Amino acid sequence: MGSAKNKASASRKARIEEMRRAEKARERRNRILTITASVVIVGGLVAGGAYLISTQSEDDSSTSSAAQKGKFVKGEDGVRTWNTKLTQGHVSGDVKYAMNPPVGGDHNQVWMNCDGDVYTDEIKKVNAVHSLEHGAVWVTYNSKASDADVKALAEKVEKTPYSLMSPVEDQKDPIMLSAWGAQRTVTSAKDPNVNKFFEKYVQGEQTPEKGAACTGGLAK
């Protein structure tokens, strides 16, 4: 019996170590890509400043006006799902999302850390959307939410890998839950739909990049 337990424990440890090595490898690749991109930008500045400015202006104008075509369709379970395919391009500027909080679309190449991270200030939506692409659930609230609900939701997020939380003052309801392509309102932290949403959408079937890192990104 003891031998079987030891073998199972060793197997779990091996799987965890393998996941950690994979995540570290992804982080190394991301650093290499960032360094490479920086070198290219510096080279562009040296070779022709005017061309770079022109390119940047074109990029800014295209990203700031990017919007998702489609609409939410509400299911019997109260979850609203976006009815068209969401784009996944990487942009350098802001994006005018068609929904608030956004549930997908073009986004910044750097994700917000979402390993149970709770942010007390508003975060950039273009970074949070990248977290959703990795399979995170984003809990948002505004000043109409009670302090007790905010505290309870923060405690839940802190215990849940692939989740994050932040205020979004201009959202229409006090407490909202978002995942890639899906969103719902809940009445309080005790609403049973909170657990249902987490169970279905944390690394759920909707995830475009399942297993991608939720650490090594932006930590405000």
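Residues numbered from 1 in each chain as written. Predicted model: local features only at pLDDT ≥ 70, side-chain atom pairs only at ≥ 80, totals over all residues. Heavy atoms only, no water.

**Regarding the sheet that holds strand β3 (residues 115–118)**
Think of a sheet as strands paired side by side through backbone hydrogen bonds, with each pair either parallel or antiparallel. One open sheet accounts for 7 strands, arranged β1-β2-β7-β6-β4-β5-β3; its pairing is mixed. Every other strand in the sheet has two partners, leaving β1 (72–74) and β3 as the edge strands with one partner each. Geometrically, the sheet is characterised by an average inter-axis angle of 20 degrees between neighbouring strands, direction not taken into account. When β1 meets strand β2 (residues 80–82), the two strands line up antiparallel, connected through 3 bridges. Opposite V73, over in β2, you have T81 as the bridge partner. Its contacts with the sheet place helix α3 (residues 125–133) against β4 (137–141), β5 (163–167) and β6 (175–179), and it is angled at close to 140 degrees to β4. (Pairing = 2+ DSSP bridges. Helix = DSSP H or I, 4+ residues; strand = E, 2+ residues; numbered from the N terminus. Axes fitted to C-alpha atoms, helices over the stretch in contact; angles between N-to-C directions. Contact = heavy atoms within 4.5 Å.)

**A short note on the side chain of Q171**
Structurally, Q171 is set in the loop between β5 and β6. A polar contact is formed between the side chain of Q171 and the backbone oxygen of P174, at a distance of 3.4 Å. The residues touching Q171, leaving out its near neighbours within four places in the chain, are N100, P101, T140, Y141, N142 and M176. (Polar contact = N/O pair within 3.5 Å; in protein donor to acceptor, adjacent residues only side chain to side chain.)

**Let's talk about the pattern of salt bridges**
When their charged atoms lie close together, side chains carrying opposite charge are able to pair. For the structure on display, the rule yields 3 salt bridges. Measuring nitrogen to oxygen at the nearest pair gives 2.8 Å for the salt bridge that ties D173 to K172. With a relative accessible area of 59%, K172 lands in the exposed category. (Salt bridge = Lys/Arg side-chain N within 4 Å of Asp/Glu carboxyl O. Buried < 20%, exposed > 50% of the residue type's maximum accessible area, 1.4 Å probe, protein only.)

**Quick notes on the nonpolar core**
Counting residues in each nonpolar core, the largest one holds 43 residues, and the members touching the most others are V137, V139, L164 and M165. Mapped onto this core, the elements with two or more residues apiece are α3, β4, α4 (147–158), β5, β6 and α5 (192–201). (Core = buried A, V, L, I, M, F, W, Y, C linked by side-chain atoms within 4.5 Å.)

**Here's the deal with α4**
Taking 1.5 Å of rise per residue, the 12 residues of α4 would be expected to cover 16 Å, and the 16 Å separating its terminal C-alpha atoms lies within 8% of that figure. Among the residues making up α4, those that are buried are D149, V150, L153, A154 and V157. Taken end-on, α4 shows its buried residues confined to a sector of 130 degrees, consistent with a single buried face. In α4, the exposed positions that point more than 90 degrees away from the buried face belong to D147, A148, K151 and E158. The elements touched by buried residues of α4 are β3, β4, β5, β6 and α5. (Expected span 1.5 Å × (residues − 1). Arc of directions from axis to C-beta.)

**Comments concerning α3**
In terms of residue burial, α3 counts as a mostly covered element, since 8 of its 9 residues are buried. Taken as a whole, α3 has its buried residues at V126, N127, A128, V129, H130, S131, L132 and E133. Contact partners of the buried residues in α3: β4, β5 and β6. Phi turns positive, to about 100 degrees, at G135, one or two residues after α3.

**Some thoughts on the environment of G116**
Looking at the element boundaries, G116 is found in strand β3. Not counting the four nearest positions on each side in its chain, G116 is found in contact with V157, E158, T160, P161, Y162 and S163.

**With respect to the environment of L177**
Within the secondary structure, L177 sits in strand β6. In this structure the C-alpha to C-alpha distance between L177 and V194, which are 17 residues apart in sequence, comes to 7.8 Å. Other than its neighbours up to four places away in sequence, L177 contacts W138, V139, A182, Q183, R184, V186, N193, V194 and F197.

**Some remarks on the packing of aromatic side chains**
Counted under the stated rule, the structure contains 2 aromatic pairs. Each ring, one from F72 and one from W82, has its centre 5.0 Å from the other, and the planes form 85 degrees; the classification is edge-to-face. With F72 in strand β1 and W82 in strand β2, this residue pair connects regions lying 10 residues apart in the sequence. A residue is classified by how much of its surface remains accessible, and F72, at 25% relative accessible area, is partly exposed. On the basis of relative accessible area, W82 is assigned to the buried category, the value being 11%. On the basis of an interplanar angle of 40 degrees and a centroid distance of 4.5 Å, the ring pair of F197 and Y201 is categorised as tilted. (Phe/Tyr/Trp six-rings, centres within 6.5 Å; stacked < 30°, edge-to-face > 60°.)

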